Amino acid sequence: MALANKQLLYDHLTVSDENGTIHMNDDRMIVISSSAFGTLRKDLIENLGTDRMKGFLIRYGWDLGVKDAKKVIEMNLPTVEDIVTMGTILHMIKGHTGVQTDLLNIEFYQDGKVKSIHMEGAWVSSYEAHEHVCGFGHTESPVCHTLIGYASGYLSTVCNQRVIVKELTCAGMGHTECRYLAKSLELWDGEVNDILRYYEDTPIVIELEMTYEKLLEERNTLSRISSIHKKLTEEILNGNDLQSIADVVYDTTGISLIIEDVNFRSYAYSGLTPECFQEVNDDFQDYIQRFKKPVHEPERMENESFLLTSKINAKCHFRLITPIFIRKKYRVTVHSSISMWMIIRRSTSLRWNRLPPYVRSIY
């Protein structure tokens, strides 16, 4: 039966020598090398990131599977099993992978509609795993995203229900073959809930817009940081005091701040009234007592002190603390090391979206 189905597919394949076109069931096709896909995959990872690339390729494969399934359904094959098998043959004819089916169990309702499907097997010589290994080497998680997307889209269309395919082993991880498991969504019993987000229908235009907005925000952040750095450098070169530096930071960022030594003795503050300064200072001292957070002590390890940039959540405010090292010294005296604290009061009048992007991104 498999050979007959394969011949049936070839009968629907038309190659024109006159105009250089290839059609299958009136659907034009093209032939490209797998290395070209590897280049595309590499560019997607470098420009979109691994996670977004995974979602993009899964949805891309899903669309290919859906379209192929619709074409095969129009061929009026006698059984659902034949239609499913035709999908594996299409996978092989297109050069995606060799497909080995070890288990195919389809349950039907009395009216002949598919109730559920359970399918297991292996993909041998996956082009996707091969190209990923060539470009990045072995990885810790499966990489055949277009294959699982294609199989999921194809089976979902054939069975008229959500079918999710999961890769259990992958040649991209160093395994000898890529083993897959396909089941109706309800048969997964929540096991694949964490990957369903990759199947969300997000057009590439929106993906690119999100990437553009992220890059734009990063650019604005760098520009803002550069501006602050320039102003602070000018203040230091001009010999201005710490109060002047604090005022410059507040005027540039709009965020209240305190400059203290490592034992929390205040040198300057800006953006706070004296009453507010006392309030946040008392609140922070209470935080230290409640969590027994150590002040700087030379014998303590770095991650046990406040000499790391970190976020502090007190009762009435939260603050971002970052150390300033003088002359690149780690263990310093009180007079040669100061810490800058960005203070944001917990208040109903505070509008979160008015905070600068580089501050909002921290929380």
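Residues numbered from 1 in each chain as written. Predicted model: local features only at pLDDT ≥ 70, side-chain atom pairs only at ≥ 80, totals over all residues. Heavy atoms only, no water.

1. Thoughts on unusual backbone geometry
Even without glycine at this site, Asn160 takes up a positive phi of about 60°. Tracing the sequence through the fold places Asn160 in the loop between helix H6 (145-159) and strand E6 (163-169). Taking relative accessible area as the criterion, Asn160 reaches 71% and is therefore assigned exposed. The backbone of Asp189 shows a phi angle near 55°, a positive value even though the residue is not glycine. (Helix = DSSP H or I, 4+ residues; strand = E, 2+ residues; numbered from the N terminus. Buried < 20%, exposed > 50% of the residue type's maximum accessible area, 1.4 Å probe, protein only.)

2. Focus: the nonpolar core
Membership of the largest hydrophobic core comes to 51 residues, with the highest contact counts inside it found for Val72, Val84, Trp123, Tyr154, Leu155 and Val165. Here the element with the most residues in this core is H6; it accounts for 8 residues. Sequence-distant contacts of Leu155, defined by excluding residues within four places in its chain, comprise Val84, Ile117, Met119, Val163, Val165 and Ala182. Counting residues in each nonpolar core, the second largest holds 7 residues, with Tyr287, Ile312, Ala314 and Ile321 among its members. (Core = buried A, V, L, I, M, F, W, Y, C linked by side-chain atoms within 4.5 Å. Contact = heavy atoms within 4.5 Å.)

3. Some details on the pairing of strand E5 (residues 114-124)
Where strand E4 (residues 98-108) lies against E5, 10 bridges are found, and the strand directions are antiparallel. Residue pairing across strands places Glu107 opposite Ser116, the latter belonging to E5. Counting the residues in the hairpin turn of E4 and E5 gives 5 residues, including Gly112, whose phi is positive at 90°. (Pairing = 2+ DSSP bridges.)

4. Side note on the side chain of Thr146
Checked against the element boundaries, Thr146 lands in helix H6. At 3.0 Å, the side chain of Thr146 forms a polar contact with the side chain of Tyr127. When neighbours within four sequence positions are excluded, Thr146 is seen to be in contact with Phe37, Leu57, Tyr60, Gly61, Tyr127 and Glu128. (Polar contact = N/O pair within 3.5 Å; in protein donor to acceptor, adjacent residues only side chain to side chain.)

5. What about the packing of aromatic side chains?
In the structure shown here, the tally under the stated rule is 5 aromatic pairs. Residues Tyr150 and Tyr154 carry aromatic rings whose centres are separated by 6.2 Å and whose planes lie at 15° to one another, so their mutual orientation is stacked. Of the two residues, Tyr150 and Tyr154 both sit in helix H6, 4 residues apart, roughly one turn of that helix. Owing to a relative accessible area of 2%, Tyr154 belongs among the buried residues under this scheme. One residue, Lys183, lies across the ring of Trp188, its end atom 4.4 Å from the ring centre. (Phe/Tyr/Trp six-rings, centres within 6.5 Å; stacked < 30°, edge-to-face > 60°. Lys NZ or Arg CZ within 6 Å of the ring centre and 35° of its normal.)

6. Points about empty space enclosed by the protein
Empty space left among the atoms is revealed by rolling a probe the size of a water molecule over them. This model, assessed by the stated rule, comprises 3 cavities of 30 Å³ or more. Reported here for the largest cavity is a volume of approximately 130 Å³. Forming the boundary of the largest cavity are 14 residues, of which Thr88, His91, Met119, Ala151 and Leu155 lie nearest the centre. Looking at the lining of the largest cavity, its residues break down into 11 nonpolar, 3 polar and no charged. (1 Å grid on protein atoms, 1.4 Å probe; cavity = no way out; pocket = protein on both sides within 12 Å on 5 of 7 lines; lining within 4 Å. Points joined across faces, edges and corners; volume = space filled by probe spheres on them. Nonpolar A, V, L, I, M, F, W, Y, C, P; charged D, E, K, R; others polar.)

7. So, the pattern of salt bridges
Applying the stated criterion to the full structure yields 8 salt bridges. Notably, a salt bridge pairs Asp51 with Arg197, separated by 3.1 Å at the nearest N-O pair. Note that Asp51 is positioned in helix H3 (residues 50-73) and Arg197 in the loop between strand E7 (178-184) and helix H7 (204-237), a separation of 146 residues in sequence. Overall, Arg197 belongs to the partly exposed group, its relative accessible area being 42%. (Salt bridge = Lys/Arg side-chain N within 4 Å of Asp/Glu carboxyl O.)

8. So, helix H2 (residues 34-48)
Its 15 residues give H2 an end-to-end C-alpha distance of 20 Å, which sits within 8% of 21 Å, the value for a rise of 1.5 Å per residue. Inspection of H2 places Phe37, Gly38, Arg41, Leu44, Ile45 and Leu48 among the buried residues, and these make up the whole buried set. The arc that holds the buried residues of H2, viewed along the axis, is 130°, so those residues lie on one side. Exposed side of H2, more than 90 degrees from the buried face: Glu46 and Asn47 are the residues found there. (Expected span 1.5 Å × (residues − 1). Arc of directions from axis to C-beta.)

9. Side note on the packing of helix H4 (residues 80-93) against H6
Remark: H4 packs on H6, axes separated minimally by 10 Å, with the N-to-C direction vectors making an angle of 155°. Judged by the angle between their axes, H4 and H6 are roughly antiparallel. Remark: the crossing between H4 and H6 carries right-handed chirality. Each of Val80, Ile83, Val84, Met86, Gly87, Leu90 and His91 in H4 lies in contact with H6, whose residues at this interface are Leu147, Tyr150, Tyr154, Leu155 and Val158. (Axes fitted to C-alpha atoms, helices over the stretch in contact; angles between N-to-C directions. Parallel < 35°, antiparallel > 145°, perpendicular 65-115°, else oblique. Left-handed = near helix turned anticlockwise from the far one by under 90°.)

10. What about the confidence of the model for the protein chain?
Looking at the protein chain, pLDDT values average 79 and 78% of them are 70 or higher. In the predicted structure, residues 330-341 sits below a pLDDT of 50 and forms 53 contacts with residues beyond four places in sequence or in another chain. Throughout residues 345-363 the model reports pLDDT below 50, and contacts reaching past four residues in sequence, or to other chains, amount to 36 contacts. (pLDDT = per-residue confidence, 0-100.)

11. Notes on the environment of Ser227
Secondary-structure assignment places Ser227 in helix H7. Put simply, Ser227 and Thr252 are 25 residues apart on the chain and 8.4 Å apart in space, counted from C-alpha to C-alpha.

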